[in-house]
Amino acid sequence: MSAQQPGQRPTLEGNDVGSSSVVRPQSLQYRSSTVSPLVPPKDNRFSRMSTYSDSKYPLSSSAASWGPNTAGAFLLAHGPYDPALDNHGRDDDDRFHDPDPPGYRDKLSAANARGMCNVIVIIIILLGMFALFIGYPVTQFVINDSVRTLISNNQQVNATGQAPILATLPKMIDPDTPDDVRTRTGLFSGDEYELVFSDEFNQDYRTFAPGDDPFWEAVDIWYGATRDLEWYDPDAVTTQDGYLRIKLEIVPDVTSNHEMRYKSGMLQSWNKLCFTEGYIEAKIQLPGKPTSSGYWPGFWIMGNLGRPGYGATTDGTWPYSYDTCDIGTLPNQTNAQNGPPATKNLPDPYGRDSTNRDLSWLPGQKLSACTCPGEDHPGPMVNGKFRGRGAPEIDVFEAQRCKRRGDNARGCVSQSAQFAPFTSLYNHVYDEPAFTIHTPERTEANYFRGSATQQSVSCIVNVSDTTYHESDGMGSAFGDFGVFGFEWQANEDPTQAYVAWVADGARSHTITAATVGPDAETAIGQRLIPSEPMSIILNLGVSDGFQSVLEETMTFPAEFLIDYVRVYQKKGAGDAAMSCDPPDYPTSQYINDHIRAYTNANDSFWKTSGFDFPRNEQLVGTC
């Protein structure tokens, strides 16, 4: 090493300061002395310097660039790493800005108090969420299951039994029904009845196409069973000015109306609103004049196993109300031996050439008490046998001009019940108390007792001129409304099962099940006052099979007006009495299993829909 002059910079032995090599120090020497190696700097990025050019604060590779004030200074150099001198990145002044107390980090462990508190709080939160979203719903379901079961089929309430008061929400009892008519006294027994359904039709412009209304549906069909001359169109049924309006009109272009001259409407509650027993009434105004001939307005009920206008569903079910296994369940009420003589060669006026003067042309009771076990039947089984089922019919009225009263005939209604199988010559008991006429001055037994497709028990009742929409031109009052209805009670005791009719607000006649008792001549048993759930039908038809259609006596368009429909039942009757699917007379599953028949009006027969009648032990001999 050369001697250093005063003012000169110190030099490093064995190395060129201009070199880019890492300085590997042996000792830091001044001109006249030697200095021991420095302690390596702490591993702190803010206190480290480097001779490399990529450092944030690099030392120049040229000693001359270090500046004039470096005389007597020393040069830092890296020495060997000594772990004993490493403080893990901590400096002596760190205690001034460290938030943890002295020694805190040394005491940390998995089971410290602070950590345990955090874990406990998390567990409490999780348990609370479990109780809220799982425990509470499950507990409420168990506690309220019985209540929910009772109201599950009631579309008017929610799952907690609340019934909201909303103007647009349909209700079984129309809020517009006056309070003073919500109870009544029974016609036959004097029992107290309460209102269970009403529709006042006060909301204007209601529509009744499929899906539009919870209780009613206007069908889109031709009613072929009675060879009607009109097409039933949903557009012909609406509400206005507080009335249900069913309009009948002549269609100029028949190609727009299924090739039919007339268009009208039929409103049904089939499979939506049914009732078993009770009192039903409507306040109505008949179309046309008392002398009009051709209108066929009707207000009636039918068992829910038959859908009116859908022929496949009434094939073998209408108008049966029978629970006996005998020859009465067979086609034409005859067996392989050709049946009783009373079923053949009927005399006038009962026998008709069009039906070969046979008593019955019915296909037999499809769902009879003779049905073999395991066959297609809606049930239920009673004492090991199927209960006899059907689609019976009871008419509040069918209005017409009374054809048997000659040129001076005026308006009347037929009030009837249809039955099958049939007695000899369609006879029934006419004596009281089985058959009672309450207003003989205007009510008489109907001479029509039946045909090869039905046995009818009915009366003809004169109707007030005021119940018609138009005047007869002879100064009579018109444009008012009349109340028509009946009370109906089923019972195993034939003397206690009855139908009692009302026409123009007054009782007309009553029949009991004794009216249609067993008949030895045709070898049949007791026909029944129906126990089936029944749907409601309102319609305005035209058919020359019902009466002569004389357009010169009619007005078009014409309207059948209904002010309201109300249904009452005995207090305590229970929910099943207002169901289309009661446990003792189920219909829902059977309908769903044969849905084509119940939705295709073009199928006239059960077999057309792809189904066979179940086996009948009276036909096969034994099951």
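Before going further, it helps to spend a moment on the overall build of the chain. Secondary structure summary: the chain contains five helices and 27 strands in total. A buried classification covers 44% of the 623 residues belonging to the chain. Of all intrachain contacts in the chain linking residues separated by at least 6 positions in sequence, the fraction that spans at least 24 positions is 71%. Split by element, the accessible area of the chain, about 32,300 Å² in all, is 54% carbon and sulfur.

Side chains that carry opposite charge are capable of pairing whenever their charged atoms lie near each other. With the rule as written, the count across this model stands at 22 salt bridges. The residue Arg182 makes a salt bridge to Asp179 at a minimum N-O spacing of 3.6 Å. On the accessibility criterion, Asp179 (66% relative accessible area) is exposed. In this structure, Asp612 and Lys607 form a salt bridge, with 2.9 Å as the shortest nitrogen-oxygen distance. What emerges from the salt-bridge pattern is a single network uniting Asp199, Arg206 and Asp213.

Across all of its chains, the model carries four disulfides by this definition. Sulfur-sulfur distance for the disulfide between Cys274 and Cys580 comes to 2.0 Å. Classification of the bridge connecting Cys274 and Cys580 rests on its S-S torsion, roughly 90°, and on that basis the disulfide is right-handed. Residue Cys274 is found in strand S12 (residues 274–275), and its partner Cys580 is found in the loop between strand S27 (558–570) and helix H3 (588–593); the two are separated by 306 residues along the sequence. For the pair Cys274 and Cys580, a shared accessibility class is recorded, and that class is buried.

Another point: empty space enclosed by the protein. Inspection of every chain in the model, using the stated rule, returns one cavity of 30 Å³ or more. Leu286, Pro287, Lys289, Ser292, Tyr295, Pro297, Ala399, Gln400, Arg401, Tyr468 and Gln547 are the residues that line the largest cavity. The dominant element in the lining of the largest cavity, judged by the number of residues it contributes, is strand S17 (residues 393–401), at three residues. Considering only residue class, the lining of the largest cavity consists of six nonpolar, three polar and two charged.

Quick look at a nonpolar patch on the surface now. A cluster of nonpolar side chains, namely Val121, Ile122, Ile125, Leu126, Met129, Phe130, Leu132, Phe133, Ile134, Val138, Phe141 and Val142, defines an oily patch on the protein surface of about 1,200 Å² accessible area. With respect to the helices and strands, Val138 occurs in helix H1 (residues 113–151).

Glancing now at the side chain of Thr371. With respect to the helices and strands, Thr371 occurs in the loop between helix H2 (311–314) and strand S15 (381–382). Exposure remark for Thr371: the relative accessible area of 6% places this residue in the buried category. Among the polar contacts made by the side chain of Thr371, one reaches the main-chain carbonyl oxygen of Ser368 at a distance of 2.9 Å. Once you skip the residues sitting within four places of it in the chain, Thr371 turns out to touch Lys366, His377, Phe386, Pro614 and Arg615.

This brings us to the nonpolar core. In terms of nonpolar packing, the biggest core is built from 58 residues, with Trp216, Phe397 and Ile562 touching the most fellow members. If we skip the residues at most four places from it in the chain, Ile562 touches Phe201, Tyr243, Leu244, Ile246, Ala282, Lys283, Ile284 and Leu538. Counting 11 residues, the second-largest nonpolar core is a separate cluster that includes Tyr223, Tyr232, Trp300 and Ala391.

Attention now goes to the packing of aromatic side chains. Inspection of every chain in the model, using the stated rule, returns 20 aromatic pairs. On the numbers, 6.2 Å between centres and 65° between planes, the contact of Phe197 with Trp216 is edge-to-face. Here Phe197, found in strand S4 (residues 192–199), pairs with Trp216, found in the loop between S4 and strand S5 (217–218); they are 19 residues apart in sequence, far enough to count as distant. Each member of the pair, Phe197 as well as Trp216, carries the same accessibility label: buried.

Now for the environment of Ile394. Along the chain, the position of Ile394 falls in strand S17. When the C-alpha positions of Ile394 and Phe299 are compared, they lie 9.3 Å apart, and in sequence the two are 95 residues distant. Dropping the residues within four chain positions of it, Ile394 is found in contact with Trp300, Ile301, Ser416, Ala417, Phe486, Trp488, Val499, Trp501, Pro530 and Met534.

For the rest of this paragraph, the subject is the pairing of S4. Here S4 lies mainly inside the structure; six of its eight residues are buried. In this structure, strand S3 (residues 183–185) lies alongside S4, joined through three bridges in antiparallel fashion. Within S4, the position partnered with Thr185 by the bridge is Glu192. Hairpin remark: S3 followed by S4, antiparallel, with six residues in the connecting loop; positive phi at Gly190, about 80°.

Here we come to the confidence of the model for the chain. Scored by pLDDT, the chain has a mean of 85; 78% of the residues are at 70 or more. Scored below 50 in pLDDT, residues 1–35 makes 42 contacts in the model with residues more than four places away or belonging to other chains. pLDDT under 50 marks residues 157–164. Its contacts with residues more than four places away, or in other chains, come to 12 contacts.

This paragraph deals with the environment of Tyr498. Among the secondary structure elements, Tyr498 is positioned in strand S24 (residues 498–503). Judged by its relative accessible area of 1%, Tyr498 falls in the buried class. With 15 residues separating them along the chain, Tyr498 and Ala513 place their C-alpha atoms 6.1 Å apart. Leaving out residues up to four positions away in the same chain, Tyr498 has contacts with Phe188, Ser189, Tyr193, Glu487, Trp488, Gln489, Thr510, Ile511, Thr512 and Ile529. Side chain to side chain, Tyr498 and Glu487 meet in a polar contact 2.6 Å long.

It is worth spelling out unusual backbone geometry at this point. Omega for the peptide link from Asp348 to Pro349 comes to -5°, which places this bond in the cis form. With respect to the helices and strands, Pro349 occurs in the loop between H2 and S15. For the peptide bond that leads from Ala420 to Pro421, omega is 0°, which places it in the cis range. Structurally, Pro421 is set in the loop between strand S18 (411–419) and strand S19 (435–437). Here Tyr205, not a glycine, exhibits a phi torsion of approximately 60°, which is positive. Tracing the chain through its elements places Tyr205 in the loop between S4 and S5.

Regular strands show a simple pattern: their side chains alternate between the two faces of the sheet. Among the seven residues of strand S25 (residues 506–512), five are classified as buried, and the element is accordingly described as predominantly covered. One ladder, built from three bridges, connects S19 with S25; its direction is antiparallel. Bridge assignment links Thr436 to a residue of S25, and that residue is Thr510. Sheet topology note: the S24/S25 ladder contains five bridges and is antiparallel.

Calculation notes
- Each chain carries its own residue numbering, running from 1 in the written order of its sequence.
- Per-residue local features are limited, in this predicted model, to residues with pLDDT of at least 70; the limit for side-chain atom pairs, both in listing and counting, is 80 or more; totals at the level of whole chains, interfaces and linings are taken over all residues.
- Excluded from the side-chain calculation are hydrogens and water; included are all heavy atoms of the structure.
- Only DSSP runs of H or I covering at least 4 residues are called helices, and only runs of E covering at least 2 are called strands; the numbering of each starts at the N terminus.
- Buried means the residue's accessible area, taken with a 1.4 Å probe over protein chains only, is under 20% of the maximum for its type, while exposed means over 50%, and partly exposed covers the values in between.
- In this description, contact between two residues means that some pair of their heavy atoms is separated by no more than 4.5 Å.
- Each accessible area is a Shrake-Rupley result for a 1.4 Å probe, and residues are judged covered by the shown protein chains and nothing else.
- The rule for a salt bridge is simple: a side-chain nitrogen of Lys or Arg has to be within 4 Å of a carboxyl oxygen of Asp or Glu.
- A pair of sulfur atoms, both from cysteines and within 2.5 Å, is called a disulfide here.
- Only protein atoms enter the 1 Å grid used here. Points where a 1.4 Å probe fits but cannot escape make up a cavity, open sets with protein on both sides within 12 Å along at least five of seven lines make up a pocket, and a residue lines them when an atom lies within 4 Å of a point.
- Grid points are joined across faces, edges and corners, and a volume is the space filled by probe spheres set on the points.
- Note on residue categories: nonpolar means Ala, Val, Leu, Ile, Met, Phe, Trp, Tyr, Cys or Pro, charged means Asp, Glu, Lys or Arg, and polar means any other residue, Gly included.
- A patch consists of residues exposed above 30% relative accessible area that lack any salt bridge, with like charges linked at up to 9 Å and nonpolar side chains (Val, Leu, Ile, Met, Phe, Trp, Tyr) linked at up to 5 Å.
- Any pair of nitrogen or oxygen atoms within 3.5 Å is treated as a polar contact; in protein, a donor-acceptor pairing is required on top of that, and neighbouring residues in sequence qualify only through side-chain atoms on both sides.
- What we call a nonpolar core is a set of buried Ala, Val, Leu, Ile, Met, Phe, Trp, Tyr and Cys residues that are connected through their side-chain atoms within 4.5 Å.
- In this scheme Phe, Tyr and Trp rings, the latter by its six-membered ring, pair at centre separations within 6.5 Å, and the angle between planes marks the pair as stacked below 30 degrees, edge-to-face above 60, and tilted otherwise.
- Think of it this way: DSSP has to see at least two bridges between two strands before they count as a pair.
- pLDDT expresses, on a scale from 0 to 100, how confident the predictor is about each individual residue.

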